[in-house]
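Listed below, chain by chain, are the residues.
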Amino acid sequence: MSVELISANHAAALSATLAARANRTARGFCSGVYPITPSTECMEYLCGQEIEKGTVVRADSEHNAMGICIGASAAGARSFTTTCSNGLAYMVENCVAAAGYRLPIVMSVANRTLGPPWNIWADHGDSLLLRDLGWLQLYSADNQEVFDTVLCAFKLAEDPRMLMPALCCMDGFILSHTMAQVDVPSQEQIDRFLPLTDIPHRLDKTAHTLGQMEAPHASVVHRMQHHQAMLGAEQIYAEIQNSFAEIFGRRPADPLVTYRTEDAETLLVSMGTLGVTAERVVDQLREQGKAVGAVRVRMFRPMLDTGLRKIFAGKKRIAVLDRDISIGFGGVLWGEVRGFADPGAIVQNYMVGVAGGDVRPEHMLNLLADLEQRHESGAPQIVEVA
Amino acid sequence: MMNEPALNGMACTDRDRRDPLLRPGNSNCGGCGMSNLLQMLRRATGERELKMVVPACCAAVTGGSFPESVFGIPAIMSTFASAASVATGVAAVAQLNGEETRVICLAGDGGTYDIGMGTLSAAAERNEDILYICYDNEIYGNTGGQRSSATPAGAATTSTPRGKQETKKDIIGIMAAHRIPYAASISLAHIDDTLRKLQFALDARGFRFLHVLSPCPTGWKSEPAMGIELVRLAVRSGLFPVFEVFDGERYVINIEPEFSNEALMMYLSLQRRFRNTGVTEESLQPNIERYWNYLRLMSGRIVPAKRN
Ligand code: SF4
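Read on for a plain summary of the structure. The structure displayed is predicted, hence computed values, not measured ones. (Residues numbered from 1 in each chain as written. Chains lettered and ligands numbered in written order. Predicted model: local features only at pLDDT ≥ 70, side-chain atom pairs only at ≥ 80, totals over all residues. Heavy atoms only, no water.)

The sheet built from nine strands is open, its strands ordered 9(A)-2(B)-1(B)-3(B)-4(B)-6(B)-5(B)-7(B)-8(B) with mixed pairing. Of all strands in the sheet, those bounded by a partner on one side alone are strand 9 (209-210) of chain A together with strand 8 (250-253) of chain B. Looking at chain direction, strand 9 of chain A and strand 2 (residues 75-77) of chain B are connected through two bridges and run parallel. The residue of strand 2 of chain B that forms the bridge with Leu210 of chain A is Ile76 of chain B. Running at roughly 150 degrees to strand 4 (residues 131-136) of chain B, helix 1 (residues 33-45) of chain B makes contact with strand 1 (50-54), strand 3 (102-107), strand 4 and strand 6 (208-213) of chain B of the sheet. (Pairing = 2+ DSSP bridges. Helix = DSSP H or I, 4+ residues; strand = E, 2+ residues; numbered from the N terminus. Contact = heavy atoms within 4.5 Å. Axes fitted to C-alpha atoms, helices over the stretch in contact; angles between N-to-C directions.)

We now examine the packing of helix 10 (residues 261-269) of chain B against helix 11 (residues 281-299) of chain B. All names here are of chain B. Closest axis-to-axis distance for the helix 10/helix 11 pair is 10 Å, and the angle between their directions is 120 degrees. You can see that helix 10 and helix 11 cross each other, and the crossing is right-handed. Here Asn261, Leu264, Met265 and Leu268 of helix 10 come into contact with helix 11, specifically with Glu281, Glu282, Leu284, Gln285 and Ile288. Among the residues making up the contact of helix 10 with helix 11, the classes are represented as five nonpolar, two polar and two charged. (Left-handed = near helix turned anticlockwise from the far one by under 90°. Nonpolar A, V, L, I, M, F, W, Y, C, P; charged D, E, K, R; others polar.)

For the rest of this paragraph, the subject is the sheet that holds strand 16 (residues 381-383) of chain A. Residue and element names in this part refer to chain A. A sheet is described by the order of its strands in space; here six strands give the open sequence 10-12-11-14-15-16, paired in mixed fashion. In this open sheet, the two edge strands, each paired with only one partner strand, are strand 10 (256-259) and strand 16. The mean angle between the axes of side-by-side strands here comes to 25 degrees, regardless of whether they run parallel or antiparallel. Pairing analysis gives five bridges linking strand 11 (residues 266-270) to strand 12 (residues 292-297), with the strands arranged parallel. Among the inter-strand pairings, Leu267 is bridged to a residue of strand 12, identified as Gly293. Where helix 12 (residues 361-372) meets the sheet, it contacts strand 11, strand 12, strand 14 (317-322), strand 15 (346-352) and strand 16, and its direction lies at approximately 140 degrees from that of strand 14.

Contacts between the two partners involve 37 residues from chain B and, on the opposite side, 40 residues from chain A. Taking both partners together, chain B and chain A bury about 2800 Å²; carbon and sulfur atoms supply 59% of that area. Joining chain B to chain A, the criterion identifies three salt bridges. With a closest N to O distance of 2.7 Å, Arg27 of chain A and Glu99 of chain B form a salt bridge. For the interface between chain B and chain A, the tally reads 18 residue pairs in polar contact (both at pLDDT 80 or more). Counting only elements with at least two residues in the side of chain B that touches chain A, the list comes to strand 2, helix 3 (83-96) and helix 5 (117-125) of chain B. The biggest single contributor to the side of chain B that touches chain A is helix 3 of chain B, with eight residues. (Buried area = accessible area lost by both parts, 1.4 Å probe. Salt bridge = Lys/Arg side-chain N within 4 Å of Asp/Glu carboxyl O. Polar contact = N/O pair within 3.5 Å; in protein donor to acceptor, adjacent residues only side chain to side chain.)

This part is about the pairing of strand 4 (residues 80-83) of chain A. Residue and element names in this part refer to chain A. Of the two faces of strand 4, both are covered, the one formed by Phe80 and Thr82 as well as the one formed by Thr81 and Thr83. Relative to strand 5 (residues 106-111), strand 4 is paired through four bridges, and the arrangement is parallel. Pairing of Phe80 across the sheet is with Val106, part of strand 5. In this fold, strand 4 hands off to helix 4 (residues 85-100), which returns the chain to strand 5; that crossover is right-handed. (Buried < 20%, exposed > 50% of the residue type's maximum accessible area, 1.4 Å probe, protein only. Right-handed = clockwise from strand over helix to strand, strands pointing away.)

Moving on, we get to the packing of aromatic side chains. Evaluation of the coordinates by the stated rule reveals 17 aromatic pairs over all chains. Taking 5.2 Å as the distance between ring centres and 55 degrees as the angle between the ring planes, the aromatic pair formed by Phe193 of chain A and Phe248 of chain A counts as tilted. On the criterion of sequence distance, the pair formed by Phe193 of chain A in helix 6 (residues 187-193) and Phe248 of chain A in helix 8 (residues 233-248) is long-range, its members being 55 residues apart. Of the two residues, Phe193 of chain A and Phe248 of chain A, both sit in the buried class. Judged by centre distance (5.8 Å) and plane angle (85 degrees), the ring pair of Phe200 of chain B and Phe246 of chain B falls under edge-to-face. In this pair, Phe200 of chain B sits in helix 7 (residues 191-203) while Phe246 of chain B sits in strand 7 (residues 243-246), placing the two residues 46 residues apart along the sequence. The aromatic ring of Phe193 of chain A is capped on one face by Lys155 of chain A, whose charged end is 4.4 Å from the ring centroid. Its guanidinium or amino end placed over the ring of Trp334 of chain A, Arg338 of chain A lies 4.3 Å from that ring's centre, counting from NZ or CZ. (Phe/Tyr/Trp six-rings, centres within 6.5 Å; stacked < 30°, edge-to-face > 60°. Lys NZ or Arg CZ within 6 Å of the ring centre and 35° of its normal.)

Rendered as C-alpha cells:
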C-alpha cells in the first residue's frame with residue numbers, strides 16, 4: 001500500500017493497469033483506446049504502462065476502441081477503455097453489442113456535456129445514454145472512489161453471476177483533472193483481490209457463434225436473464241466490499257451513500273461530486289438546527305429501489321439534483337427515483353450544473369429554500385449556475 | 001467422397017477440414033457465391049484453427065438463429081462497421097497467449113467498401129494479424145439490394161433503379177496503398193488460383209486482404225446455376241482482374257484475360273441488373289482498358305493462368 005498524489009483519470013488508469021497485470025497468468029489484458037477530453041489523460045497513462053501479457057491498441061475511433069475491447073473480451077482477456085461525451089455517443093452502437101454479448105468490459109467515463117454547441121465541462125448526460133443498455137453504472141465522488149470503483153468493477157463485471165460491462169463515471173475536470181491523495185494497494189494485494197478473468201462463453205475451440213440472430217422469444221429470454229443478473233449486483237458488490245476490506249484494510253464506498261439521513265426531514269439526492277457539496281450544505285444547515293440529510297446514488301444501474309425506499313421512508317421533502325437534462329422531461333435521476341418516496345412527499349427536481357456550471361453551496365441553499373416553501377412539487381426546474 | 005458441383009467438380013479429400021465451415025441448413029440463397037467461397041475456404045484451411053468475425057451482412061444472416069449456428073468454427077457477429085476492430089482484439093489476445101489461431105473477417109462489400117472502410121483502413125495501417133476476406137456481391141444483399149460503392153456503374157439496384165452512375169471503388173488499390181503484406185483478388189471460377197491464395201493468405205502474418213467477386217443471383221437477377229460462369233466471364237472480359245499485390249508494391253497478374261467482347265456481352269446479358277440502364281460493352285471498354293494499362297504498368301510482367 002502506498003499513497004500517491006494523482007488525478008482521477010490517472011487513478012482509473014492505474015487501477016486498470018494493476019488489474020491488467022493481475023491477469024497475467026490467465027489470458028492477459030487487451031484494451032482499445034481513443035482520446036477525447038477530459039478522459040484523454042486516462043488513455044495516455046495506460047499507453048505508457050508496461051503490462052506483462054497485455055497490450056493497448058491505439059484505435060482509430062471510439063466505435064472501434066470498443067470494437068477492440070469486444071474482440072479482446074470475447075477472446076477471454078480482461079479489457080478496459082475510457083471515453084466520454086461525443087466519444088461515448090459515437091461508441092454507443094458497440095456498447096449495445098458489448099452488453100448483448102455479456103462481456104465484462106470496464107470503462108471509465110470522465111463525464112462531459114454532449115455537443116454541439118461544443119462544451120467540455122461536466123454533465124452526466126453522456127453516460128446516461130447507456131442507461132438502458134445493460135451496463136452496470138457506478139458514479140464516484142473523489143479520486144479514491146474512482147480507483148476503488150474501477151478495481152471493484154472488474155470483480156463485479158467478471159463475476160460469473162454477472163458477466164456484463166461496467167461503467168465507472170467521474171465528473172469531467174472536477175475529478176478527472178484534480179490531483180488528490182489516493183491509497184494504492186500493492187500488486188500482490190490486487191492479485192489476491194481480483195480473480196483471474198474467466199469468460200465461460202469466450203471464443204475457444206468449439207463452434208459456437210456469439211451475437212447471432214435470435215427469434216423474439218429467445219431474445220426476450222436473454223434480456224430477462226441479463227436483467228435478473230444485474231439485479232443481483234448489490235449483493236455481489238457487498239461480497240466484494242467485504243473481500244476488499246479484508247485484503248486492503250479499508251472499505252470501498254457503498255452503492256448508496258447516506259449522510260445524516262436518519263433523522264432528516266429533507267433530503268438532497270444526487271450523483272457524483274454534487275453529493276460532496278450536498279454533504280457540506282447538510283453540515284451547514286444542521287448547525288442551524290435544520291434536519292437535512294444527503295443521499296448519493298453511486299450505483300445507478302441497477303437502480304437500488306428497495307434501498308432508496310428505505311432511505312426515503314418518512315421524508316417529507318426531497319430535492320433531487322440532476323447534472324443532466326432529459327429534454328422534454330426533466331432530470332434523469334429524478335425521473336428514476338421519485339416513485340420511491342412516500343405518497344404525499346414533495347419530490348422536487350432541480351437540474352444544477354447542467355452543461356458544466358460550477359455548483360456551489362449557495363446554489364443548494366437557494367434551492368432548499370425554494371423546496372421549504374413548497375406545498376407540492378412542481379415542474380422540474382433548471383437552476384442556473386456558473 | 002463425391003464430387004461437389006459447387007466446387008466445379010473438385011472432390012472433397014482427406015486434406016479437407018473435417019467439419020464444414022458452412023454447415024447444411026444455412027439460409028444462403030441458391031447460387032450464392034459466398035457459399036462457394038466458404039467451401040473453398042474449408043478446403044484451404046485444412047486443420048488450421050480458425051476464429052471468424054462477421055459484421056452485419058448476408059453471412060451474418062446465414063449464421064442462422066440461436067441456439068443453432070451454421071458456422072463450423074467459433075464466430076462472433078460484430079456490428080456493421082466493426083469487423084476489423086473486433087478481429088484486432090481477438091488476434092491480439094491470440095498473440096498474447098501464443099496461439100496459432102488464424103483470425104478471419106468475412107465481410108460483404110458494404111462493411112468493407114463503405115461503413116467499415118475506416119475500421120478496415122485502421123487495422124491495415126496497424127498491420128494487425130488478420131485475414132480480411134470481402135465477398136463482394138456488389139450490393140447490400142442483407143438489406144435487399146441497394147447500391148454500395150462496390151456496385152459497378154450501370155447496375156440497377158433498389159436505390160438506383162435507373163442504374164448506378166458512379167464507377168466501383170478500386171478496393172485492392174486502396175488496400176495496396178496501405179502497404180499491407182498481401183492483397184489479392186480471387187475468381188471463384190479458377191479454383192487452383194483460389195486455393196493457392198487462400199492458403200497463402202491463411203499462413204501469412206500481418207494484415208492480408210482478399211477480394212472475392214461473389215455472384216448474388218438475388219441482387220444480380222441472374223440464374224443461380226450461372227454464378228461461377230458469370231465470374232469466369234467477368235475475368236475473361238477483363239472486367240474483374242485477378243492479381244495479387246505483395247507489400248503494396250509488387251503486383252502480379254495471375255490470369256491474362258482474353259478481353260473478349262463476346263464475354264463482356266454475355267456477362268451483361270446474363271444478368272437483369274444491367275438491362276435498360278444504358279450500359280453496353282462499348283461503354284465499359286474504356287474503363288477496362290484504362291485499368292489494365294495501370295495494372296501492366298504496376299506489374300511489369302504477366303503470369304499466364306493455369307487453365308481450369
Ligand atoms: S442475397 Fe446474394 S449475397 Fe446474400 S445470400 Fe442471397 S445470393 Fe448470397
